[in-house]
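Residue-level listing of the chains:
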Amino acid sequence: MSEQLELFERHRGRMFGIAYRMLGSASEAEEVLQDAWLRWQAVDHRTVREPAAFLAKTVTNLCLNQLTSARARRETYVGPWLPEPVLTGGKLDDLGPLDEIAQRESVSFALLTVLEKLAPAERAAYVLREAFAYSHREIADLIGTTESNARQLHSRARKRVAADQRSHQVDPSHWRKLVERFLVAAQLGDIAGLESLLAADVVSRADGGGKVTAARNPVTGRDHVARYLVGALQRFGAGVLPYFAQANGEPVIVAVGPDGVRAVVFLEFAGDELSSLELAMNPDKLGHVEQQLSRIGGVSGLGW
């Protein structure tokens, strides 16, 4: 392995972590890393005093450019847009260690969804400060602004995130018991049993991107969500098996059919009632999960 490649690989985890949090997409993050590698190869390394800072700055600026075009693309996106899930835990974690609560929160599905509302520079300042503990001076250098402005960008971003984000602690064992009851009721077509597990204002969002059959608008309310889920399972659930896993630092269901992963499902509870379902179903957003599963020998390696 060449010295250039060795240095790049040494910092790959941090670079991917920055890009994924900034873009909400594992596939786009990988594209950014490919571009960063080309730039790293082209630079005169004798002029690079701090490779880690150079690579972080390269990735950050590539992401800022990507976010500008991504906003235009998402305006024409078919149905709800959700982030691209990444399996975490054990050998599956491509985002660096998520043992600390702060690290799990920094990549949570809910937070990535909220970050979509920030301006690109605000998002960069928030990610670099909250997830990677860069100083305001370092952030200013990475995004090409003043330290004072970097501080203001971070402050505005924190306020907007605090206003929108739902903070919740998940007990995995309790979550699993509730989800098992939910799955039984849904698979049996037990509308009444399913409704008893749903909050009155429950919301279901499905990101199919126009590539698969999925509701193009959020489904809200206990009765509507129960009937929608039962109907979807009856029409499209043949041969699909649910597996418990962890994604973005929280427990999820990975729905797997004969042709591979069909969905990654995030379920949020308020007490013992299901308050939110978010289904990542766009095949373009499941490729990274498929790659992760292939590295551990398929769904049998999930082990949760």
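Before reading on, note that the structure itself is shown above.
Before going into details, it helps to say that this report is about the structure given with it. (Residues numbered from 1 in each chain as written. Predicted model: local features only at pLDDT ≥ 70, side-chain atom pairs only at ≥ 80, totals over all residues. Heavy atoms only, no water.)

1. Concerning empty space enclosed by the protein
Part 1 of the argument: Evaluation of the coordinates by the stated rule reveals three cavities of 30 Å³ or more.
Part 2 of the argument: Roughly 60 Å³ of volume is contained in the second largest cavity.
Part 3 of the argument: Residue lining of the second largest cavity: Leu-67, Arg-71, Arg-74, Leu-115, Glu-116, Leu-118, Ala-119, Pro-120 and Arg-123, and that is the complete set.
Part 4 of the argument: For the lining of the second largest cavity, the secondary structure elements donating two or more residues are helix H4 (51-75) and helix H7 (120-130). (1 Å grid on protein atoms, 1.4 Å probe; cavity = no way out; pocket = protein on both sides within 12 Å on 5 of 7 lines; lining within 4 Å. Points joined across faces, edges and corners; volume = space filled by probe spheres on them. Helix = DSSP H or I, 4+ residues; strand = E, 2+ residues; numbered from the N terminus.)

2. A look at H4
Part 1 of the argument: With 25 residues, H4 extends 36 Å from end C-alpha to end C-alpha; this agrees with the ideal 36 Å at 1.5 Å per step.
Part 2 of the argument: Those residues of H4 lying buried are Leu-55, Ala-56, Thr-58, Val-59, Thr-60, Leu-62, Cys-63, Leu-64, Gln-66, Leu-67, Ala-70 and Arg-74.
Part 3 of the argument: The secondary structure elements touched by the buried residues of H4 are helix H1 (3-10), helix H2 (12-23), helix H3 (26-42), H7 and helix H8 (136-143). (Expected span 1.5 Å × (residues − 1). Buried < 20%, exposed > 50% of the residue type's maximum accessible area, 1.4 Å probe, protein only. Contact = heavy atoms within 4.5 Å.)

3. Points about the pairing of strand E4 (residues 250-257)
Part 1 of the argument: With respect to burial, E4 is a largely interior element, eight of its eight residues being buried.
Part 2 of the argument: Covered by surrounding structure in E4 are Glu-250, Val-252, Val-254 and Val-256 together with Pro-251, Ile-253, Ala-255 and Gly-257, the residues of both alternating faces.
Part 3 of the argument: As paired elements, strand E3 (residues 241-247) and E4 share seven bridges and run antiparallel to each other. When the bridges of E4 are listed, Leu-241 appears paired with Val-256.
Part 4 of the argument: Linkage of E3 to E4, two consecutive antiparallel strands, is achieved through a turn of two residues, within which Asn-248 is found at a positive phi near 50 degrees.
Part 5 of the argument: Pairing geometry for E4 and strand E5 (residues 260-270), over five bridges, is antiparallel. The partner of Ile-253 across the bridge, within E5, is Val-265.
Part 6 of the argument: The antiparallel pairing of E4 with E5 creates a hairpin that spans two residues between the two strands. (Pairing = 2+ DSSP bridges.)

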